[in-house]
Amino acid sequence: MNAEWTQISPQEAAALHAAILAAHANHDLERLVELYAIAADSKEREGDVDAACFFLTQAFVFALETGISRAHELNRRLVAYGRAWPLEP
Amino acid sequence: MNKPSTLQSVMTSVNRANGLPNAHYIDPVVFAEERASVLFASWSGVGFGKDIPEPGDAKPVDFLGVPLLLVRDQDGAIHVYQNTCRHRGMILVEEAKNIRGTIRCPYHSWCYSLKGQLRAAPHVGGVGQNTHEDVKMAELGLVSFRAHVWQDVIFVNIDGKAAPFEEVHAELLDRWQEFDRPLHHGGPESSLKLEVNTNWKLAVENYCESYHLPWVHPGLNSYSRLEDHYNIESPGKYSGQGTLVYRQLRGAEGEVFPDFDALSDKWTTGGEYVAVYPNVLLGVQRDHTFAIVLEPRSCEQTVEHIELYYAKSSAETPELDPLRHQNAQLWKTVFEEDIFVVEGMQKGRHGPMFDGGRFSPAMDGPTHNFHHWVATQIEAGRAS
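Source: prediction; values computed, not measured. (Residues numbered from 1 in each chain as written. Chains lettered and ligands numbered in written order. Predicted model: local features only at pLDDT ≥ 70, side-chain atom pairs only at ≥ 80, totals over all residues. Heavy atoms only, no water.)

**Side note on the domain arrangement of chain B**
All names here are of chain B. Entries for chain B in the domain assignment read domain 1 (45–149) and domain 2 (169–378). For domain 1 and domain 2, the distance between their C-alpha centres works out to 34 Å. Each partner contributes to the interface: domain 1 provides eight residues, whereas domain 2 provides eleven residues. Taken together, the two surfaces of domain 1 and domain 2 that pack against each other cover about 720 Å², and 66% of this comes from carbon and sulfur. The largest share of the area that domain 1 buries against domain 2 comes from Gly-45, Phe-48 and Lys-50, three residues that together contribute 70% of it. (Domains from an automatic or database assignment. Contact = heavy atoms within 4.5 Å. Buried area = accessible area lost by both parts, 1.4 Å probe.)

Right, dumping it as structure tokens:
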């Protein structure tokens, strides 16, 4: 998945969707964080804030569950959109 | 429901008292009453610290139908939560596991920290909107039960109304303060689990007294005679028995377990075995201790969770692993010898003419002490 793309093609979107389903099936939480964040980035570039925040939320929750520090970065992005309370340190 | 029988005949002196009536062992209605007045209203054992040894470890426990979650947080502190999401009441954790970050509800992914705070309520305000003015995160943490860990047993007060553990058991904590030091669980072989067809109280009652030892545990007679034992009775708190002739187990080469540090002379040949009301049975000796949590599964079914602990860990003393194995087998034999009596007393309580029984004034004081406490708890529950 190329995060630098300004927009993802329908084929890329389908591949992302399949990868997310596979990660769910494998309970691969770190991968879910990564993939949902890619989806969020894509929607953000498209200017679709609601969709971006949906995917950011998904990524944030799995980052929280795994205890990885990226939860804070994802939270900050949601807070910037007024979509979450700031996480306590 | 019939009017409950009076317990006055229990709450008199051991010389004249009867034991608790049959209904307290075979009637599900009375079992439900004891659940509230005896087990939820006091400090009950629900598990062991050794079951959640690492930060992030979580273990679900069903205690008399209440779903509990035992959690060790990143600071090492143990918490007991209601294992129920504050959103839709979903069970949060189904199997023991290590939680790296937060406890995530598998239904709508509300997330809780190991200290119980609600950290995220995803999409609670709509898609991609994780706040709502009427959903106060600070008010929606996990329901936390008062918990206290002593001798590695996790005690919980479900109804939240009991006096603090340190206050309730101050006398016993002082009596055994010499054993208030790190305990090392003996490993998988030092965990025993016995499923017995008996009311949980009969396991307490049998444990309390030494009267049965020469008859049920003849193997102990050679060195631990009846007259070498003494009763331990603290009205309203605990009871049990002590021995004056505890003898260390010796291996083939004469090896023994190392002692706990700085014990007084009393413990050179002393051992004490106490029921911490309602459902925890503890034993202390110079070189190892044990803890038993009685899990009342139903009115007539109990699971005994037995754990053995030592002054030094297996990692520190690997050469003693065979002795630990031998010791576990010895205790397993003793505890299994008791099964037929607790199951037999349970069957006997279906005899409708049994009146609770009469006690030996000399030998049954610890058992009567327990009955008196149970009766007091029940009467207090009925009066409230």
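Now, onward.
**What about the pattern of salt bridges?**
Residues and elements named next belong to chain A. The full count for this structure, using the stated rule, is 22 salt bridges over all chains. Residues Arg-31 and Glu-34 are paired through a salt bridge, measuring 2.9 Å at the closest nitrogen-oxygen approach. In this pair, Arg-31 and Glu-34 are both assigned in helix α2 (residues 29–46), three residues apart and thus about one turn of the helix distant. Arg-77 is the partner of Asp-41 in a salt bridge, and the nearest nitrogen-oxygen pair spans 2.8 Å. One end of the pair, Asp-41, is in helix α2; the other, Arg-77, is in helix α4 (residues 70–80), with 36 residues separating them in the sequence. In this structure Asp-41 comes out as buried when scored by relative accessible area, which is 18%. Accessibility expressed as a relative area gives 17% for Arg-77, which makes it buried. Through salt bridges that share partners, Asp-41, Glu-44, Arg-70, Glu-73 and Arg-77 make up one connected network. (Salt bridge = Lys/Arg side-chain N within 4 Å of Asp/Glu carboxyl O. Helix = DSSP H or I, 4+ residues; strand = E, 2+ residues; numbered from the N terminus. Buried < 20%, exposed > 50% of the residue type's maximum accessible area, 1.4 Å probe, protein only.)

**Thoughts on the interface of chain A and chain B**
Contacts between the two partners involve 20 residues from chain A, matched on the other side by 17 residues from chain B. A combined buried area of about 1,600 Å² lies between chain A and chain B, and 54% of that area is made up of carbon and sulfur atoms. On the chain A side of the interface with chain B, the three residues burying the most area are Glu65(A), Arg83(A) and Trp85(A), jointly 34% of the side's total. Seen at the junction of chain A and chain B, the total is two salt bridges. Among the ionic pairs, Glu65(A) bridges to Arg104(B), the shortest N-O distance being 2.6 Å. Inspection of the region where chain A meets chain B yields eight residue pairs in polar contact (both at pLDDT 80 or more). Within the residue set of the side of chain A that touches chain B, elements represented by two or more residues are α2 and α3 (49–66) of chain A. Tallying contributions element by element places α3(A) first for the side of chain A that touches chain B, with ten residues. In terms of residue class, the side of chain A that touches chain B is built from eleven nonpolar, five polar and four charged. (Polar contact = N/O pair within 3.5 Å; in protein donor to acceptor, adjacent residues only side chain to side chain. Nonpolar A, V, L, I, M, F, W, Y, C, P; charged D, E, K, R; others polar.)

**Thoughts on the sheet that holds strand β3 (residues 66–72) of chain B**
All names here are of chain B. With respect to topology, seven strands assemble into an open sheet ordered β1-β10-β9-β4-β3-β2-β5, the strand pairing being antiparallel. Of all the strands in the sheet, the pair left with one neighbour each is β1 (44–48) and β5 (97–98). The sheet contact formed by strand β2 (residues 57–63) and β3 spans six bridges and is antiparallel. Within β3, the position partnered with Phe-63 by the bridge is Val-66. (Pairing = 2+ DSSP bridges.)

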